[in-house]
Amino acid sequence: MGRKIKGSKHHGAKDPNKQRENREEKLKVKVNNRPKHDDEQEMPKRLMQLMQHEQHMMQHKQQKKQQKSMNKGDNKGLLDSSKYITKQERLPGMTRPLRPVPVFRQKQGESKKSFYYRMHQTIQGMKKQREYESEFKVELQRDQMGNTKVVEAEPDELEEIVDSHKKKKLAKKGIVLKSKEEKRQLRREREKKRKARQKRGGTNKQPADAKDFDDFEDKQVFGDTVHAPPSLNFKMRNMEEKMAGKASSLLLAKKLNNKQDGGGGVVKKAKIEHLSMAKKAMLEKERQWVVEAYRALKADKISF
């Protein structure tokens, strides 16, 4: 006698509506399932691909027609960067829209060298603009009339994470980084203090917290005795010592400022035995000019 094979047992009567729902749930992911709405049927995927392919072909034909029309007549042979611009794809993780790529077209009668130079200047200007924006965290926007407007840039998530990590690292060392707004407030406060000083009487006046001689006065206690007069910690210099290091002034000191250092000391006569003939002639001419100027000054003094 063979072994008995157990079959699935059917315990009680099951709900036919639940059984139908379970069957339909399994058929949702199948290809041959019926449409959800009889009036609104989805387009087949293959048909959508065919339509996209046809649309790309039409765009390609239009681009070819535009290139042919541009190459005809006066624009034939001129350089144009729009022929090589491709569609910029939006990659995952990008939060900001891409900036439009500038289009360069060679003008009538413009040489290739000047066209390349104009392109280079435009690109360098865009680089400097980007450096300025990244340094001051702003964004320059231009309207159709060419006017520039400065707008605060949106904070970058990666930069915020790096800044917060940097602040925590410096906070451990006792260094506190101030934000842009805090620096602006401190600058405004300094400007207010400066204007207040000017209103009080100009910048030459001492500030309100400046100390006077009365603040350095010693306070004597009752019954304190004095044994000797106060001693001075500096030495008085004689008049001769003060004037020893100074040089005597010349009558032509004002006219010879560009030829003497220090504004008028006695200059010793230089030896000219090893100089060339041209140098000797130049020195002689200069000496003659000084003598004539000295005589003119003496004549003016005598006439008065």
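Residues numbered from 1 in each chain as written. Predicted model: local features only at pLDDT ≥ 70, side-chain atom pairs only at ≥ 80, totals over all residues. Heavy atoms only, no water.

So, on to the packing of aromatic side chains. Aromatic rings in a pair are described by how distant their centres are and how their planes are angled relative to each other. Enumeration according to the criterion identifies 2 aromatic pairs in this entry. Here Phe115 and Tyr116 contribute two aromatic rings whose centre-to-centre distance is 5.9 Å and whose plane-to-plane angle is 45°, an arrangement assigned as tilted. On the accessibility criterion, Tyr116 (46% relative accessible area) is partly exposed. (Phe/Tyr/Trp six-rings, centres within 6.5 Å; stacked < 30°, edge-to-face > 60°. Buried < 20%, exposed > 50% of the residue type's maximum accessible area, 1.4 Å probe, protein only.)

A separate point is the pairing of strand 2 (residues 148-152). A small share of strand 2 lies buried, amounting to 0 of its 5 residues. Sheet topology note: the strand 1 (residues 138-142)/strand 2 ladder contains 5 bridges and is antiparallel. The partner of Val138 across the bridge, within strand 2, is Glu152. In textbook terms, the turn of a hairpin is the stretch between consecutive antiparallel strands, and for strand 1 and strand 2 this stretch comprises 5 residues, one of which, Gly146, has a positive phi near 95°. (Helix = DSSP H or I, 4+ residues; strand = E, 2+ residues; numbered from the N terminus. Pairing = 2+ DSSP bridges.)

On to the pattern of salt bridges. Per the stated rule, a full pass over the model turns up 5 salt bridges. Between Arg130 and Glu133 there is a salt bridge, with the nearest N and O atoms lying 3.4 Å from each other. Taken together, the residues Arg130 and Glu133, both in helix 3 (residues 112-136) and 3 residues apart, mark about one turn of the helix. (Salt bridge = Lys/Arg side-chain N within 4 Å of Asp/Glu carboxyl O.)

Once that is clear, we can look at the layout of surface pockets. By volume, the largest pocket amounts to about 1800 Å³. Among the elements that line the lining of the largest pocket, the one with the most residues is helix 3, at 9 residues. Its residues assigned to classes, the lining of the largest pocket shows 13 nonpolar, 7 polar and 21 charged. (1 Å grid on protein atoms, 1.4 Å probe; cavity = no way out; pocket = protein on both sides within 12 Å on 5 of 7 lines; lining within 4 Å. Points joined across faces, edges and corners; volume = space filled by probe spheres on them. Nonpolar A, V, L, I, M, F, W, Y, C, P; charged D, E, K, R; others polar.)

In this section: a nonpolar patch on the surface. Taken together, the side chains of Met43, Leu47, Met48, Leu50 and Met51 make up a nonpolar region of the molecular surface, amounting to roughly 470 Å² of accessible area. For Leu50, the location among the structural elements is in helix 2 (residues 45-71). (Patch = residues over 30% accessible without salt bridge, like charges linked within 9 Å, V, L, I, M, F, W, Y side chains within 5 Å. Areas by Shrake-Rupley, 256 points an atom, 1.4 Å probe, with all protein chains shown as cover.)

On the secondary structure map, Glu110 appears in the loop between helix 2 and helix 3. For the pair Glu110 and Leu78, spaced 32 residues apart in the sequence, the C-alpha separation amounts to 9.1 Å. Those residues in contact with Glu110 that lie beyond four places of it in its chain are Arg105, Phe115 and Arg118. At 3.1 Å, the side chain of Glu110 forms a polar contact with the side chain of Arg118. (Contact = heavy atoms within 4.5 Å. Polar contact = N/O pair within 3.5 Å; in protein donor to acceptor, adjacent residues only side chain to side chain.)

From the geometry alone we can't say anything about function, so treat these as descriptive.
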